[in-house]
Amino acid sequence: MEGSRKRLLLVQAISGATFAIFALVHLGNVLLAPIPGAFDATASWLRPIYTHPLIEIGVMLVPLVVHVAVGVMLALGRRRRATAAKPDLWARAHRWSGWFLATVIVGHVAAERGIALAYGIVTGGPSVSFALWWQPVFFYPYFLLLGSAGLYHTLFGLSRAARLLGVRVPRVGARARPIAVGALVGAVSLAVLAWGGWLYDVGDPTDNDYARVYESWGFVELP
Ligand code: HEM
């Protein structure tokens, strides 16, 4: 029993670390949004790499599906073992962020990559600006949570995976953790505000191919 749990933990660490390559690049790019034009300029440079079928399937899709599936198996195992010790707040936040991401990731990928593929358009930054204009009450907190949970889950998960795989990484001390998390949330907030047009002029959020797809579905009437 303990042997199979260890194997699952190893698979979880390796699949998570593989997907983290894309996640870190993507979220690093998200944090560039406060610089006018920087997100889309970097995305157009990166897009041919991360949409290459070998990368998209081998480094993103398969590791992500394996990572979530193993997470569910480990969680079910924990429920059965009544003796499992309760993890500290940081480890619990890592689990909560994981469940949140597992819930929303299919919708996020469908809305970005799915629509880009189905309609032959580039979604990019204008898709985020449109979403924030269209349904602000939902999308401001959604993108803030998506970015913050994504960064926290990826960075905490990588430090866990490193220790499991025997790689020495510096630990963030208990006192520095709230500051580090605050800095992450602050940086994501700035990115979301930038896309919402609060830091510089993002142009008309309704004048792009992405908004026109939603109009063609009858979800929105564009001005
Ligand atoms: C504030 C948070 C986020 C924003 C604003 C955001 C925005 C975007 C945008 C604009 C795209 C389309 C990129 C393009 O035009 O090529 C995209 C794609 C994608 N995002 Fe995010 N994202 C966020 C967080 C995340 C997180 C946390 C994850 C995963 C844990 C994630 C996973 C993906 C994936 C898998 C794709 C599809 C990449 C592809 O195969 O083309 N995103 N996102």
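Residues numbered from 1 in each chain as written. Predicted model: local features only at pLDDT ≥ 70, side-chain atom pairs only at ≥ 80, totals over all residues.

## Quick look at the overall build of the chain
Consideration 1: Each helix and strand in the chain was counted, giving eight helices and zero strands.
Consideration 2: Starting at the N terminus and walking to the C terminus, you meet the elements of the chain as α-α-α-α-α-α-α-α.
Consideration 3: In terms of overall size, the chain behaves like a compact globule, its C-alpha atoms giving a radius of gyration of 19 Å where 223 residues would be expected to give roughly 17 Å.
Consideration 4: By principal-axis analysis of the C-alpha atoms, the chain measures approximately 60 × 40 × 30 Å.
Consideration 5: Going through the 223 residues of the chain one by one, you find that 25% of them count as buried. (Helix = DSSP H or I, 4+ residues; strand = E, 2+ residues; numbered from the N terminus. Rg over C-alpha atoms; globule rule 2.2 N^0.38 Å. Buried ≥ 20, exposed ≤ 12 C-beta atoms within 10 Å, placed from the backbone.)

## Some points on helix α3 (residues 53-80)
Given 3.6 residues to a turn, an α-helix orients residues that are three or four positions apart in the same direction.
Consideration 1: With 28 residues, α3 ought to run about 40 Å at 1.5 Å a step, and its terminal C-alpha atoms sit 39 Å apart, in line with that.
Consideration 2: Roughly 25° is the biggest bend found in α3, and it falls at L61, with proline P63 one to four residues downstream.
Consideration 3: Along α3, the residues classified as buried are M60, P63, L64, H67, V68 and V70.
Consideration 4: Each element contacted by the buried residues of α3 is listed here: α1 (2-30) and α4 (89-119). (Expected span 1.5 Å × (residues − 1). Bend = angle between axes of the 7 residues up to and from the residue. Contact = placed C-beta atoms within 7 Å.)

## Some details on the nonpolar core
Consideration 1: Counting 34 residues, the largest nonpolar core has A33, A191 and W195 as its most contacted members.
Consideration 2: Mapped onto this core, the elements with two or more residues apiece are α1, α3, α5 (124-134), α6 (136-164), α7 (176-195) and α8 (209-216).
Consideration 3: A total of eight residues in this core trace back to one element, the largest contributor, which is α6.
Consideration 4: Ignoring any residue separated from it by four or fewer positions in sequence, one finds A33 in contact with F39, G125, A191, A194 and W195. (Core = buried A, V, L, I, M, F, W, Y, C linked by C-beta atoms within 7 Å.)

## Regarding the site of the ligand
Consideration 1: The environment of the ligand is formed by 25 residues, the closest being E112, R113, G124, G147 and G150.
Consideration 2: Listing elements by their share of the shell around the ligand, those giving two or more residues are α1, α2 (38-50), α3, α4, α5 and α6.
Consideration 3: Considering every element that reaches the shell around the ligand, the biggest residue donor is α4, with six residues.
Consideration 4: The class makeup of the residues in the shell around the ligand is 13 nonpolar, eight polar and four charged. (Near = placed C-beta within 6 Å. Nonpolar A, V, L, I, M, F, W, Y, C, P; charged D, E, K, R; others polar.)

## Comments concerning the packing of α1 against α6
Each pair of packed helices gets described by two things: the angle between the helix axes and the distance between those axes.
Consideration 1: Packing of α1 against α6 leaves a shortest axis separation of 8 Å and a crossing angle of 140°. Accordingly, the angle class assigned to the pair α1 and α6 is oblique. Note on packing geometry: the crossing formed by α1 with α6 is left-handed. Between α1 and α6, the contacting residues are L9, L10, A13, G16, A17, A20, A23, L24, L27 and V30 on the first element and G147, G150, L151, T154, G157, L158, A161 and L164 on the second.
Consideration 2: In terms of residue class, the contact of α1 with α6 is made up of 13 nonpolar, five polar and no charged. (Axes fitted to C-alpha atoms, helices over the stretch in contact; angles between N-to-C directions. Parallel < 35°, antiparallel > 145°, perpendicular 65-115°, else oblique. Left-handed = near helix turned anticlockwise from the far one by under 90°.)

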